[in-house]
Amino acid sequence: MFVVVWQFEIAEEKVAAFEAAYGADGAWARLFRASTKHLGTELLRDAYIPLTYLTIDRWTSEEDFRAFRKDHDPEYEALDRSCDSLTSRETRIGAYTV
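Residues numbered from 1 in each chain as written. Predicted model: local features only at pLDDT ≥ 70, side-chain atom pairs only at ≥ 80, totals over all residues. Heavy atoms only, no water.

J.: Quick question: what am I supposed to make of the environment of E62 here?
T.: In this fold, E62 is placed in helix 3 (residues 62-71). Given the relative accessible area of 28%, E62 is considered partly exposed. On a C-alpha basis, the gap between E62 and T97 in space is 7.5 Å, while along the polypeptide they are 35 residues apart. (Helix = DSSP H or I, 4+ residues; strand = E, 2+ residues; numbered from the N terminus. Buried < 20%, exposed > 50% of the residue type's maximum accessible area, 1.4 Å probe, protein only.)

In structure tokens, the structure reads:
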């Protein structure tokens, strides 16, 4: 399995829109579900640091993730740009082979 983890900091007035876009049924998860190799997306809200979230995207393998990105790059980039205003900070924590 291949896992990609991102951390986000958001403004309080963006919470609902951010959770709608990045949650398990949000725009990102819907895009990823175009691939049968996507195993799921989780959105975690930090219990101690306000307005801080993690996303965890699971794929069958790194190769499958890379193939998805190659095949869906225009949609991925367009969605990324449309979500820019929802976050004040976005950091890729890492990409892991499990």
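The rest of the description comes next.
J.: So what exactly am I meant to see when it comes to unusual backbone geometry here?
T.: Among all residues except glycine, the phi angle is most often negative; among peptide bonds, the trans geometry is most common. A positive phi angle, near 65°, is found at L51, a position not held by glycine. As for its placement among the helices and strands, L51 is situated in the loop between strand 2 (38-45) and strand 3 (52-59).

J.: Would you mind going over the environment of L39 with me for this structure?
T.: Relative to the helices and strands, L39 is located in strand 2. According to the relative accessible area criterion, L39 is partly exposed, its value standing at 47%. Considering only alpha carbons, one finds L39 and V3, 36 residues apart in sequence, at a separation of 9.5 Å. When neighbours within four sequence positions are excluded, L39 is seen to be in contact with M1, R58, W59 and T60. (Contact = heavy atoms within 4.5 Å.)

J.: For this particular structure, what's the right way to read helix 1 (residues 15-22)?
T.: Counting along an α-helix, one turn takes 3.6 residues, and residues three or four places apart therefore face a common direction. Inspection of helix 1 places V15, F18, A21 and Y22 among the buried residues, and these make up the whole buried set. When helix 1 is viewed along its axis, its buried side chains cluster within an angular range of 140° and face the same direction. Facing away from the buried side of helix 1 by over 90 degrees, the exposed positions are A16 and A20. Elements that come into contact with the buried residues of helix 1 comprise strand 1 (2-9), helix 2 (27-32), strand 2, strand 3 and helix 4 (73-83). (Arc of directions from axis to C-beta.)

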